[in-house]
Amino acid sequence: MEILAPKSQLTSLLDNQVLHRLERMRLAPRRRLTNRSRGEHLAGKGGTSTEFNDFRDYVPGDDVRYVDWNIFSRLHRPYLKLYKHEEEMHVVMLVDASSSMQFEGKFERAKQLAASFGLMGLMNVERVSVHVCHHQGQQPALLPPCTGRVSRQRLFSFLERIEGGGDFPIDGAIEALLRRHRGRGIVVILSDFLTFGDMERPLNQLYSCGLEVCGIQILSETELNPDVTGDVRFVDSETGETLDVSSAGDLLGLYHEHRASLERELEAQCRLRGGRFLSISSQAPIEWVLFDLLRRRGWVQ
Amino acid sequence: MNLPGFYALESAWFFLLLAPLILFYFLKLKRPRLQISSLVLWRQVINDQRVNSPFQRFKRNLLLLLQILLLSLLVLAAMQPFIRSAPQRAEYLPVLIDCSASMGALDKPGGISRLDEAKARVRELIDKLLPDQRLSLIAFHLTARRLTDFTDNKRLLHQALDKLTVSQVGSRLEDALRMTQALARTEQQIGTVLMLTDGNIPAEVEFELPFEVNFQLIPPGGQNIGITGVNARRAGARSWDVFTRLESSLAGQTSARVELLQDGKSAGEESVLLEPGKSQRLVFRVEASAPTSIEVRLHPEGFDSLNTDNVVFIDLPEARPLSVYASPELSTYRHALKGLEGITLFPDENGAGSAPEYDLVISESEESTAQDAPVACYIGVVPADLQKLVHIEDGTASIVDWHRSSELLEHVQLSGIQTTDDPHSAAGVQDAAYEQLGYEILAFGRAGPLILRKRTGARLAYYFLFHTDRSTFPYRVGFPILVANLVHVGLQQASLSEVPGHQTGVLPPQSLQPNHDYRVTSPDGGHSEVKSSEAGIISGVPAQTIGQYVIANEEKELLRVGISLLDAEETSLAAAQTIEFPETTVQASETSIQNDRPLWSTLALCAFCLLLVEWWFYQRPPGGLVP
């Protein structure tokens with residue numbers, strides 16, 4: 001059920017105070033993956049911004065408007081004045097809305113983070129788009145790329161409206177995203193990454209498309225510290241499959257090993273592709289995540 | 001290694017319960033369903049667990065396995081398995097328990113007796129008795145007594161065992177073995193006999209063993225001192241010397257105080273110190289003009305493991321002269337008797353005088369006077385029952401050989417004596433023919449016996465088949481010696497010169513009125529009715545308790561007889577490590593009794609523990625064991 005925000009609140013996802021602090025923050029990608037469109041992210045190449053970059057010799061054919069006439073008057077030789085180029089960065093957010101995220105506030109935390117990253121992108125004149133995957137075989141719900149402060153409410157409304165449920169695995173969702181997405185930038189994947197598929201191929205595809213991967217794994221407390229014992233029949237929330245486990249209490253050690261192993265593997269795969277990975281608990285306070293954890297990790301400035 | 005056996009093998013049918021157990025397990029198995037976000041991690045865990053642990057397939061159904069194991073243990077317990085003690089099990093086992101006096105010895109101050117130790121071992125045997133095994137308890141000392149038939153009734157066996165007490169007698173094994181042999185012949189096949197004893201038994205037994213003997217040696221008692229001999233000898237007209245012999249066991253040095261009580265009053269006291277295994281003789285002088293009861297008590301200083309050998313009894317008769325009857329015709333004997341002290345000779349010089357009873361009769365015929373005397377000597381008389389075996393011919397005969405150690409002919413030289421009576425045995429009559437009639441030949445002639453001795457009950461008779469007056473014997477030095485020996489025998493028979501102490505076992509024969517009923521009261525208060533024989537002898541009365549036995553006739557006390565242990569073997573507490581049988585030697589077993597060990601209780605305990613483990617395993621808090 002959609003929770004309507006009070007009139008004083010901009011969105012039910014985040015508190016106004018948090019939004020206010022987020023407006024002054026911006027994403028800090030490791031790589032300069034920008035589009036040709038003008039934006040506020042400085043590109044590596046020369047451009048037409050007001051920020052000086054370098055000088056070079058004039059060659060015939062260059063636009064004479066960029067000749068530094070002061071130097072020409074002193075040295076009697078023409079030099080071209082170069083400026084930095086500011087381009088637009090595409091911030092893509094992939095929100096896993098499958099059934100596995102419908103446990104203990106995982107989905108709500110994913111929407112809050114998506115709203116936060118989206119707001120940071122919009123406030124820094126980036127192109128922001130949101131993909132929400134539900135059911136396998138269906139196209140993910142899409143918030144088309146938008147930019148600017150005016151799109152803020154649109155972003156919030158979109159996120160507030162989406163509902164969870166479905167069996168879309170995250171690896172398939174990434175491939176579905178890439179079929180519709182164009183542009184370079186940063187992709188923030190908000191998921192529990194609990195998939196039977198292989199994450200190597202979709203991450204490679206993201207890298208090839210010029211998207212810096214920022215994976216945030218959101219796990220519930222039950223997944224982090226399961227409290228089970230005896231003989232249990234586990235039921236998968238997405239597929240409905242069952243798994244009989246005897247003496248589950250004895251296997252918790254092994255479970256923790258596998259969970260830590262999955263975390264290490266995902267982090268390694270993201271780092272290998274110039275990306276970043278972070279695993280958080282759905283019960284961790286959002287303020288601590290946004291203003292402490294992500295800052296310390298250098299995800300945001 | 002002995003394979004286990006099952007007594008109730010038919011209980012194996014209960015294993016069929018496994019089928020419904022497994023069926024119901026899978027039909028009724030309901031695991032709690034728990035919806036989780038994804039099975040990804042748990043499936044990896046399960047796959048990893050299967051790879052790492054080869055028993056995971058079983059562990060998946062751990063509860064089923066535990067239930068199968070539990071049921072199997074219960075069914076196995078119901079099958080009553082047992083571990084065989086030997087390849088051949090003894091289904092019928094006679095148990096011989098020594099209950100002689102030495103089994104009453106304590107191992108330490110305030111400790112338990114050897115019999116209690118043996119009882120404890122037998123109780124363990126009874127408790128571990130399997131349903132198809134049967135025991136027969138046999139107690140033995142001087143004789144054997146079967147306490148129970150072959151039975152598996154544990155209550156009956158325990159009751160019989162509880163009633164078993166130490167008998168104050170020595171030990172002998174033959175009766176018990178013969179009884180067991182009889183059981184083997186009449187009852188069942190008996191392969192092994194279990195014998196529990198402290199080893200204080202004869203080391204050599206004349207018995208052909210038809211079965212094996214498991215000789216279980218109970219550790220002997222501690223140090224002991226006891227009285228092993230007592231007798232009294234006349235020391236004058238009205239005095240006796242009481243001799244007591246003290247012995248100590250091999251365990252250690254012992255000291256004691258010996259007290260002599262005459263008719264319940266203290267009459268003497270001595271202190272003794274005995275080295276291990278040594279003995280000492282003490283003499284007490286007692287004045288007694290009338291019949292008196294003597295009791296010698298030993299008061300050990302320190303620990304004494306056996307107290308039944310600490311007291312002895314002896315009854316001294318009235319001091320009186322020996323009453324002797326000698327036929328007036330036997331002047332040579334009368335002449336020799338006159339020179340001896342302590343006798344009264346009848347008839348007197350004038351041919352007058354008589355006594356109601358004579359202690360010794362010397363006569364030329366088997367007249368009625370001699371019939372009642374305890375000792376009779378017939379001169380020139382052939383007993384009526386020997387008339388067909390021997391006859392007297394005229395002629396010269398000489399003594400060829402004689403029993404020099406017999407009480408009558410001791411220190412008597414008979415060589416060279418000539419007699420004109422020549423006894424001849426009938427043709428074909430050997431010495432054995434006389435022995436069969438109860439006669440012992442004391443002197444041999446060339447053609448037949450010359451002097452015979454016959455004991456009939458308590459009565460002793462000597463027969464001179466030749467008349468001494470028709471021989472050179474009265475002129476020899478040996479003649480007065482023979483008469484003195486005869487008087488000495490009379491004194492002994494009349495208990496006038498020496499009184500022995502009596503051992504437990506059987507009451508010594510007592511000479512009383514013929515064909516009368518008597519009541520014998522034992523020291524523990526038991527009564528037995530006995531009837532005297534035609535000769536007035538009562539015999540065969542069991543006397544297995546130390547103390548004074550009272551013989552009464554119509555509530556009138558007639559006689560007291562003191563009975564004591566007086567067994568040096570029992571007092572020594574010596575333990576034989578081996579028993580020699582005619583064809584084999586049995587060693588004492590150093591190991592305890594190996595009996596079949598039932599396992600049902602162990603299995604039931606395992607099942608209970610398994611139940612607890614299962615309960616704990618499924619009820620314990622999560623995160624316990626990490627594989």
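From a predicted model like this one, the values you see are computed outputs, not experimental measurements. Residue positions are given per chain, counting from 1 as you read along its sequence in written order. Going through the entries in the order they are written, you letter the chains from A and number the ligands from 1. A pLDDT threshold of at least 70 governs which residues receive local features in this predicted model, and a stricter bar of 80 or more applies before side-chain atom pairs are shown or counted, although totals over entire chains, interfaces and linings include all residues. Remark: hydrogens and water are excluded; side-chain values derive from all non-hydrogen atoms of the structure.

Residue-level account of the overall build of chain A, with values.
Working definition: helices are DSSP H or I runs of at least four residues, strands are E runs of at least two. Numbering for both runs from the N terminus. A count of helices and strands for chain A gives nine helices and ten strands. With 301 residues in all, chain A has 55% of them scored as buried. Each residue's exposure class comes from its accessible area (1.4 Å probe, protein chains only) as a fraction of the maximum for that residue type: buried when under 20%, exposed when over 50%, partly exposed otherwise.

Would you mind going over the packing of helix H5 (residues 170-180) of chain A against helix H6 (residues 200-208) of chain A in detail, with residue names and values included?
All names here are of chain A. Under this scheme, a helix contributes an axis fitted over its contacting stretch, all axes are lines through C-alpha atoms, and angles between N-to-C directions fall in the 0 to 180 degree range. Following both chains from N to C, one finds H5 and H6 inclined at 25°, their axes separated by 9 Å at the closest point. The angle between H5 and H6 places the two elements in the roughly parallel class. Judged by the sense of rotation from one axis to the other, the crossing of H5 with H6 is left-handed. In contact with Asp171, Ile174, Glu175, Leu177 and Leu178 of H5, H6 contributes Arg201, Pro202, Gln205 and Leu206. Under this grouping Gly is polar, as are all residues other than the nonpolar Ala, Val, Leu, Ile, Met, Phe, Trp, Tyr, Cys and Pro and the charged Asp, Glu, Lys and Arg. In terms of residue class, the contact of H5 with H6 is made up of five nonpolar, one polar and three charged. By definition in this entry, angles of less than 35 degrees are roughly parallel, angles greater than 145 are roughly antiparallel, angles of 65 to 115 are roughly perpendicular, and the rest are oblique. By the definition used in this description, the sense in which the near helix is turned from the far one sets the handedness, with an anticlockwise turn below a right angle giving left-handed and a clockwise turn giving right-handed. Two residues form a contact once any of their heavy atoms are found within 4.5 Å.

Would you mind going over the nonpolar core in detail, with residue names and values included?
Residues and elements named next belong to chain A. Take the buried residues of types Ala, Val, Leu, Ile, Met, Phe, Trp, Tyr and Cys, join any two whose side-chain atoms come within 4.5 Å, and each joined set is a nonpolar core. Membership of the largest hydrophobic core comes to 50 residues, with the highest contact counts inside it found for Leu22, Leu113, Phe117, Val130, Leu159 and Ile216. Element by element, the count of residues in this core is highest for helix H3 (residues 106-123), at ten residues. In this structure, Phe117 is in contact with Leu27, Met93, Val188, Ile216, Leu294, Trp299 and Val300, ignoring residues within four places of it in sequence. Leu177, Phe193, Leu203 and Cys270 belong to the second largest nonpolar core, which has 42 residues in total.

Provide a residue-level description of helix H4 (residues 62-78) of chain B, including the pertinent values.
Residue and element names in this part refer to chain B. Taking 1.5 Å as the rise per residue, H4 with 17 residues should run 24 Å; its terminal C-alpha atoms sit 24 Å apart, in good agreement. Listed in full, the buried residues belonging to H4 are Leu62, Leu63, Leu64, Leu66, Leu70, Leu71, Ser72, Leu73, Val75 and Ala77. Two residues or fewer after H4 comes Gln80, characterised by a positive phi angle close to 55°. One less than the residue count of a helix, multiplied by 1.5 Å, gives the span that helix is expected to have.

Break down helix H4 (residues 152-161) of chain A for me, with residues and values.
For H4 of chain A, every residue scored as buried is listed here: Arg152, Leu155, Phe156, Phe158, Leu159 and Glu160 of chain A. Along its buried surface, H4 of chain A packs onto helix H1 (16-22), H3, strand E4 (127-133) and strand E5 (141-146) of chain A.

Quick rundown of the pairing of strand E23 (residues 449-456) of chain B? Include the residues and the values.
Residue and element names in this part refer to chain B. Strand pairing is assigned whenever DSSP identifies at least 2 bridges connecting the two strands. Where strand E22 (residues 439-445) and E23 come together, five bridges link them in antiparallel fashion. Bridged to Tyr439 within E23 is Lys454. Looking at chain direction, E23 and strand E24 (residues 459-464) are connected through six bridges and run antiparallel. Across the sheet, Leu452 pairs through a bridge with Tyr463, a residue of E24. Once E23 ends, the chain turns through two residues before running back antiparallel as E24, passing Gly457 with a positive phi of about 65°.

So what's going on with the confidence of the model for chain B? Residues and values would help.
Each residue carries a pLDDT score, the predictor's own confidence in it, on a scale running from 0 to 100. Across chain B, the average pLDDT comes to 86, with 93% of residues at 70 or higher. Segment residues 623-627 of chain B: pLDDT under 50, and eleven contacts once partners within four positions in sequence are set aside and those in other chains are kept.

Help me get a handle on a negative patch on the surface, residues and values and all.
Residue and element names in this part refer to chain B. Residues Glu204, Glu206, Glu208, Glu580 and Glu583 make up a contiguous surface patch of negative charge. Its place among the elements puts Glu204 in the loop between strand E7 (192-197) and strand E8 (212-217). The class for Glu204 is exposed, based on a relative accessible area of 61%. Only residues whose relative accessible area exceeds 30% and that form no salt bridge enter a patch; like-charged residues are grouped when within 9 Å of one another, and nonpolar side chains (Val, Leu, Ile, Met, Phe, Trp, Tyr) when within 5 Å. Working definition of accessibility: Shrake-Rupley area with a 1.4 Å probe, residue cover restricted to the visible protein chains. Note on definitions: salt bridges are taken to be side-chain nitrogens of Lys or Arg within 4 Å of carboxyl oxygens of Asp or Glu. Charge convention: Lys and Arg are scored as positive, Asp and Glu as negative, and His as well as the terminal groups of each chain are ignored. Where a charge lies is defined by one atom per residue type, namely NZ (Lys), CZ (Arg), CG (Asp) and CD (Glu).

Any chance you could break down the environment of Arg233 of chain A for me, citing the residues and the numbers?
Summarising the element assignment, Arg233 of chain A is placed in strand E8 (residues 232-236). Each C-alpha atom, one on Arg233 of chain A and one on Val245 of chain A, is 6.1 Å from the other, the two residues being twelve residues apart in sequence. For Arg233 of chain A, the residues in contact, after removing those within four places along its chain, are Thr242, Leu243 and Asp244 of chain A together with Arg31, Pro32, Arg33 and Leu34 of chain B. Nitrogen and oxygen atoms within 3.5 Å of one another constitute a polar contact, given that in protein one can donate a hydrogen and the other can accept it, and given that sequence-neighbouring residues count only through two side-chain atoms. Within polar-contact distance, the side chain of Arg233 of chain A engages the side chain of Asp244 of chain A at 2.6 Å.

Which residues make up the interface of chain B and chain A, and what values do they have?
Each partner contributes to the interface: chain B provides 32 residues, whereas chain A provides 37 residues. Joining two parts hides part of their accessible area as seen by a 1.4 Å probe, and the buried area is that hidden amount summed over both. A combined buried area of about 3500 Å² lies between chain B and chain A, and 63% of that area is made up of carbon and sulfur atoms. Interface area lost by chain B to chain A is led by Arg31, Ser37 and Trp42 of chain B, which between them contribute 21%. Residue Glu241 of chain A pairs with Arg43 of chain B through a salt bridge whose shortest N-O separation is 3.3 Å. Counting across the chain B and chain A interface gives eleven residue pairs in polar contact (both at pLDDT 80 or more). Counting residues per element, the ones that place at least two in the side of chain B that touches chain A are strand E2 (33-36), helix H2 (40-52), helix H3 (56-60), H4 and helix H13 (600-619) of chain B. Among the elements that take part in the side of chain B that touches chain A, H2 of chain B stands out by supplying nine residues, more than any other. Alignment of E8 of chain A against E2 of chain B, held across four bridges, turns out to be parallel. Note that in E2 of chain B the partner of Val235 of chain A across the bridge is Gln35 of chain B.

Give a description of the sheet that holds strand E14 (residues 292-301) of chain B that names residues and reports values.
Residue and element names in this part refer to chain B. Read across the open sheet, the four strands follow the order E12-E11-E14-E15; overall the sheet is antiparallel. The sheet is open, and its two edges are formed by strand E12 (265-274) and strand E15 (311-316), each paired on a single side. Ignoring strand direction, the axes of neighbouring strands in this sheet form an average angle of 20°. As paired strands, strand E11 (residues 254-262) and E14 are joined by eight bridges and run antiparallel to one another. Paired with Leu261 across the strands is Glu295, a residue of E14.

Talk me through the sheet that holds strand E6 (residues 144-146) of chain B; I want residue IDs and the actual numbers.
Residues and elements named next belong to chain B. Strand order in the open sheet formed by seven strands is E6-E5-E4-E7-E8-E36-E35, with mixed pairing between adjacent strands. Each edge of the sheet is formed by a strand with only one pairing partner; in this case those strands are E6 and strand E35 (578-580). Ignoring strand direction, the axes of neighbouring strands in this sheet form an average angle of 25°. Bridge analysis of E7 against E8 gives six bridges, and the strand direction is parallel. Bridge pairing in E8 links Thr192 to Glu212. In the packing of helix H5 (residues 114-127) onto the sheet, contacts are made with strand E4 (92-98), strand E5 (134-140), E7 and E8, and the angle to E4 comes to roughly 165°. Together, E4, E5, E6 and E7 form the strand contacts of helix H7 (residues 174-186), whose direction differs from that of E6 by roughly 35°.

Now, about the pattern of salt bridges: what can you tell me, with residues and values included?
Residue and element names in this part refer to chain B. In this structure the tally under the stated criterion is 33 salt bridges over all chains. For Arg285, the salt bridge is made with Asp241, and the minimal N-O distance between the two is 2.4 Å. One end of the pair, Arg285, is in strand E13 (residues 279-287); the other, Asp241, is in strand E10 (residues 239-248), and 44 residues separate them in sequence.

So what's going on with the packing of aromatic side chains? Which residues, and what values?
Here a Phe, Tyr or Trp ring, Trp counted by its six-membered ring, pairs with any other such ring whose centre lies within 6.5 Å, and the pair is stacked when the planes are under 30 degrees apart, edge-to-face when over 60, and tilted otherwise. One pass over the full model with this rule turns up twelve aromatic pairs over all chains. Ring centres 5.9 Å apart and planes at 70° place the aromatic pair Phe464 of chain B and Phe466 of chain B in the edge-to-face group. Members of the aromatic cluster, connected to one another through ring pairs, are Phe234 and Tyr255 of chain A together with Trp42 of chain B. Placement of a charge over a ring requires the Lys NZ or Arg CZ to be within 6 Å of the ring centre, with the centre-to-atom vector within 35 degrees of the ring normal. Sitting over the ring of Trp240 of chain B, Arg234 of chain B keeps its end group 5.4 Å from the ring centre.

How would you sum up a nonpolar patch on the surface? Please name residues and give values.
All names here are of chain B. Together, Leu605, Phe608, Leu611 and Leu612 line one region of the surface with nonpolar side chains, adding up to about 390 Å² of accessible area. Inspection of the secondary structure puts Leu611 in helix H13. Of the residues examined, Leu611 reaches a relative accessible area of 42% and is grouped as partly exposed.

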